[in-house]
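# Survey of secondary and tertiary structure
One-letter residues, chain by chain:
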Amino acid sequence: MSLAMAAEPAEPTEPDETPRHTIGEVVARTGLTAHTLRWYERIGLLEHPARSHSGQRRFSDRDLVWLEFLNKLRLTQMPVADMVRYAELRREGEHTAAARQELLIQHRDEVRQRIADLQATLMIIDCKIELYAERQTQV
């Protein structure tokens, strides 16, 4: 299953949309801070969550799945502006699937290039480590 599909499952595996999780629970489950969650809400990465009768934010399982996907995008260093664009397209509906796919394809290409660059750099580091190891055995 692709990452996008994992974050946006189709019926009947659609995550529950019942708002039940407190911000503290979401912080514990996602590793994000409450400040980050509020910021995501402010910039449009996260839709405004439901509120309890006392005004506290309540998040659904669907929100948790979306936040997990956002965490993966951040881990791959997707720019926040691209993440916001993806979120906007997602909210616009299924007719934007091709645009979302293209955004992810472009990002995947950038991630693959960074991985290749890191692998090349790792080879250089490994060579240096081997040189030091050889010098130590010669002493």
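Let me begin by describing the structure that accompanies this report. Here the structure is a predicted model, which is why all the values come from computation and not from measurement. (Residues numbered from 1 in each chain as written. Predicted model: local features only at pLDDT ≥ 70, side-chain atom pairs only at ≥ 80, totals over all residues. Heavy atoms only, no water.)

### Some remarks on the overall build of the protein
If you tally the helices and strands in the protein, you get six helices and two strands. When the helices and strands of the protein are placed in sequence order, the string is α-α-α-β-β-α-α-α. Its C-alpha atoms give the protein a radius of gyration of 20 Å, more than 25% over the compact-globule value 14 Å for 139 residues. For the protein, the spread of C-alpha atoms along the principal axes amounts to about 75 × 35 × 30 Å. Out of the 139 residues in the protein, the part that is buried amounts to 29%. Summing over all exposed atoms, the protein offers an accessible surface of approximately 9,400 Å²; the carbon and sulfur share of this is 55%. Across the protein, the centroid of the 19 positively charged side chains sits 6 Å from that of the 22 negatively charged ones. (Helix = DSSP H or I, 4+ residues; strand = E, 2+ residues; numbered from the N terminus. Rg over C-alpha atoms; globule rule 2.2 N^0.38 Å. Buried < 20%, exposed > 50% of the residue type's maximum accessible area, 1.4 Å probe, protein only. Areas by Shrake-Rupley, 256 points an atom, 1.4 Å probe, with all protein chains shown as cover. Lys, Arg positive; Asp, Glu negative; His and termini not counted. Charge placed at Lys NZ, Arg CZ, Asp CG, Glu CD.)

### Observations concerning the packing of helix α4 (residues 61-75) against helix α5 (residues 80-92)
One way to put it is that α4 packs onto α5 with a least axis distance of 11 Å and a crossing angle of 145°. You can see that α4 and α5 cross each other, and the crossing is right-handed. From α4, Arg 62, Trp 66, Phe 69, Leu 70, Leu 73 and Arg 74 reach across to α5, where they touch Val 80, Met 83, Tyr 86, Ala 87 and Arg 90. Across the contact of α4 with α5, the residue classes break down as eight nonpolar, no polar and three charged. (Axes fitted to C-alpha atoms, helices over the stretch in contact; angles between N-to-C directions. Left-handed = near helix turned anticlockwise from the far one by under 90°. Contact = heavy atoms within 4.5 Å. Nonpolar A, V, L, I, M, F, W, Y, C, P; charged D, E, K, R; others polar.)

### Observations concerning the layout of surface pockets
The space that makes up the second largest pocket amounts to roughly 220 Å³. As for the second largest pocket, its lining consists of 14 residues, of which Glu 17, Glu 47, Ser 60, Arg 62 and Asp 63 are closest to the centre. Broken down by element, the residue count for the lining of the second largest pocket peaks at three residues, all from α4. (1 Å grid on protein atoms, 1.4 Å probe; cavity = no way out; pocket = protein on both sides within 12 Å on 5 of 7 lines; lining within 4 Å. Points joined across faces, edges and corners; volume = space filled by probe spheres on them.)

### Some details on the packing of helix α2 (residues 23-30) against helix α3 (residues 34-43)
Direction vectors running N to C along α2 and α3 enclose 105°, while the axes themselves pass 9 Å from each other. For the element pair α2 / α3, the angle class is roughly perpendicular. Here Ile 23, Val 26 and Val 27 of α2 come into contact with α3, specifically with Ala 34, Leu 37 and Arg 38. (Parallel < 35°, antiparallel > 145°, perpendicular 65-115°, else oblique.)

### So, the pattern of salt bridges
All chains considered together, the criterion is met by six salt bridges. Here Glu 17 ties to Arg 62 by a salt bridge, and the two come within 3.6 Å at their closest N and O atoms. Linking Glu 17 in the loop between α1 (3-7) and α2 with Arg 62 in helix α4, this pair joins segments that are 45 residues apart in sequence. A relative accessible area of 53% means that Glu 17 is categorised as exposed. Glu 41 serves as the salt-bridge partner of Arg 57, at 2.7 Å between the closest nitrogen and oxygen. In this pair, Arg 57 is assigned in strand β2 (residues 57-58) and Glu 41 in helix α3, connecting sequence segments 16 residues apart. Residue classification places Arg 57 among the buried positions, given a relative accessible area of 18%. Counted as one network, the salt bridges with shared partners bring together Asp 16, Arg 20 and Asp 61. (Salt bridge = Lys/Arg side-chain N within 4 Å of Asp/Glu carboxyl O.)

### What to know about the side chain of Arg 58
For Arg 58, the position within the fold is in strand β2. Buried within the structure, Arg 58 lacks any salt-bridge partner; Glu 25 is the closest side chain of opposite charge, at an N-O distance of 6.5 Å. There is a polar contact of 3.4 Å between the side chain of Arg 58 and the side chain of Gln 56. Filtering out sequence-adjacent residues up to four positions away, Arg 58 remains in contact with Pro 19, Arg 20, His 21, Thr 22, Pro 49, Ala 50, Ser 52 and Asp 63. (Polar contact = N/O pair within 3.5 Å; in protein donor to acceptor, adjacent residues only side chain to side chain.)

### Digging into the environment of Ile 43
Of note, Ile 43 is situated in helix α3. Ile 43 gets classed as partly exposed once you look at its relative accessible area, which sits at 27%. A sequence separation of 49 residues divides Ile 43 from Glu 92, and the C-alpha atoms of the two residues are 16 Å apart. Those residues in contact with Ile 43 that sit more than four places away from it in its chain are Val 80 and Val 84.

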